Amino acid sequence: MLHIGCHLSPSGGLAAMGRDALRIGADTFQFFTRNPRGSRAKAIDEADAAALQALQAEHGFWPTVAHAPYTLNPCSSDARVREFAALTMEDDLKRLNQLPCGLYNFHPGSHTGQGIEAGIRLTAALITEMLSCVQSDTVLLIETMSGQGSEIGGTLEQVADLIDRAGGSGRIGVCLDTCHVFAAGYDLKNDLDGVLEQFDRTIGLERLRAVHLNDSMQPCGSHRDRHAPVGKGEIGFEALLAVTRHEALRNLPFVLETPQPDLAGYAAEIATLKGA
Ligand code: FE
Ligand code: FE
Ligand code: ZN
């Protein structure tokens, strides 16, 4: 059985996200831990968190994914920007202890001219710091990136390097974004097995904990991050369906981050993928 959901807005509260997920046929979902500007987060409402957890247990939800604000940059050349990323992510991890959702996804950042090597060193240092400062069962997920601009994490080797330099803890995992890896030059349309073998050799498939299921408006190797609805992009429906059905991936939570006008759009995408 396919475990799939989409990115949901937390604006109506926590339990409301669980109800939205059920309404669209999802058994997992993703949400931003705070608004993209990364400003102060609301304190977690304990009753609301308990209601979500009860709902998830009752309906057999798969692990949910909390997503850090995408505006954070843990490897900026500006020390204040790095410090802000560190404080925000540590605060998120602490808050997630009150909301056991299992997975905390973040973008490894952009080196802003310092070079890949320096970027990896800075982000690895932040991961190490988070792991030592915050006691948590939440797994940190490094998202694979498209390599747009000065983004790090645009190759599997860079992701492996980040994990190694952060000490290789079992609390570090990876989220594979299909649009990002395709744009980065990994052709999962024509050679999914090959890409996954390469993932296994460089990172290890046991680190892979979630998939962002997105089609790509831009071709393979374009290094441009533009999501498309499933079947409306360069990867195509058949290839994305094959991702959800692959032996090595089928038990992971899949999260749609496709451009859809409303929840009905996600419900249709989910139904199509489940029914195919
Ligand atoms: Fe992301
Ligand atoms: Fe993503
Ligand atoms: Zn993206």
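Every chain begins its residue count from 1, and numbering advances along the sequence as written. By the order in which they are written, chains take letters starting at A while ligands take numbers starting at 1. Local features in this predicted model are restricted to residues whose pLDDT is 70 or higher, and side-chain atom pairs enter the listing and the counts only when it is 80 or higher, whereas totals over whole chains, interfaces and linings include all residues. Only hydrogens and water are set aside; all other atoms, that is, all heavy atoms of the structure, feed into the side-chain values.

What to know about the pairing of strand β7 (residues 208-213)
Link 1 in the chain: Burial within β7 is extensive, with 5 of its 6 residues counted as buried.
Link 2 in the chain: The criterion for strand pairing is that DSSP finds at least two bridges linking the strands in question. Under the scheme used here, helices are H or I runs from DSSP no shorter than 4 residues and strands are E runs no shorter than 2 residues, and both carry numbers assigned from the N terminus. Relative to β7, strand β6 (residues 172-177) runs parallel, the two being bridged by 4 bridges. Directly across from D177, in β7, lies its bridge partner H212.
Link 3 in the chain: As defined by bridge partners, β7 adjoins strand β10 (residues 254-256) across 3 bridges and the pair is classed as parallel. In the strand pairing of β10, V211 is matched with F254. Relative accessibility under 20% of the residue-type maximum defines a buried residue, over 50% an exposed one, and the middle range a partly exposed one, all with a 1.4 Å probe and only protein chains included.

Quick notes on the coordination of the zinc ion (ligand 3)
Link 1 in the chain: Coordinating donors are taken to be N, O and S atoms lying within 2.8 Å of the metal, or within 3.2 Å when the metal is Na, K or Ca; because water is excluded from the atom set, some sites may appear incomplete. Note on the zinc ion (ligand 3): its protein donors are H180 (NE2), D225 (OD), D225 (OD) and H227 (NE2). The metal-donor distances range over 1.9 to 2.6 Å.
Link 2 in the chain: Geometry at the zinc ion (ligand 3) is irregular, judged from the 4 donor atoms that bind it and their angles of 52 to 138° at the metal.
Link 3 in the chain: All donors to the zinc ion (ligand 3) come from one chain, and their sequence spacing reads H-x44-D-x1-H.
Link 4 in the chain: Here the iron ion (ligand 1) and the zinc ion (ligand 3) are spaced 5.7 Å from one another. Each label reflects the angles at the metal, where four donors whose angles all fall between 85 and 135 degrees are tetrahedral, four or six donors whose opposite pairs open beyond 155 degrees and whose other angles stay between 65 and 115 are square planar or octahedral respectively, and the rest are irregular.

Overview of the nonpolar core
Link 1 in the chain: Among the buried residues, those of types Ala, Val, Leu, Ile, Met, Phe, Trp, Tyr and Cys that are joined through side-chain atoms within 4.5 Å form a nonpolar core. Core analysis: the largest hydrophobic core is formed by 74 residues, its most contacted members being I127 and L256.
Link 2 in the chain: It is helix α4 (residues 116-133) that provides the largest number of residues to this core, a total of 7 residues.
Link 3 in the chain: Not counting the four nearest positions on each side in its chain, L256 is found in contact with I4, G5, C6, H7, L213, N214, V230, Y266, E269, I270 and L273.
Link 4 in the chain: Judged by nonpolar contacts, the second largest core, of 7 residues, contains V65, L103, V139 and A210. Should any heavy atoms of two residues lie within 4.5 Å, those residues are considered in contact.

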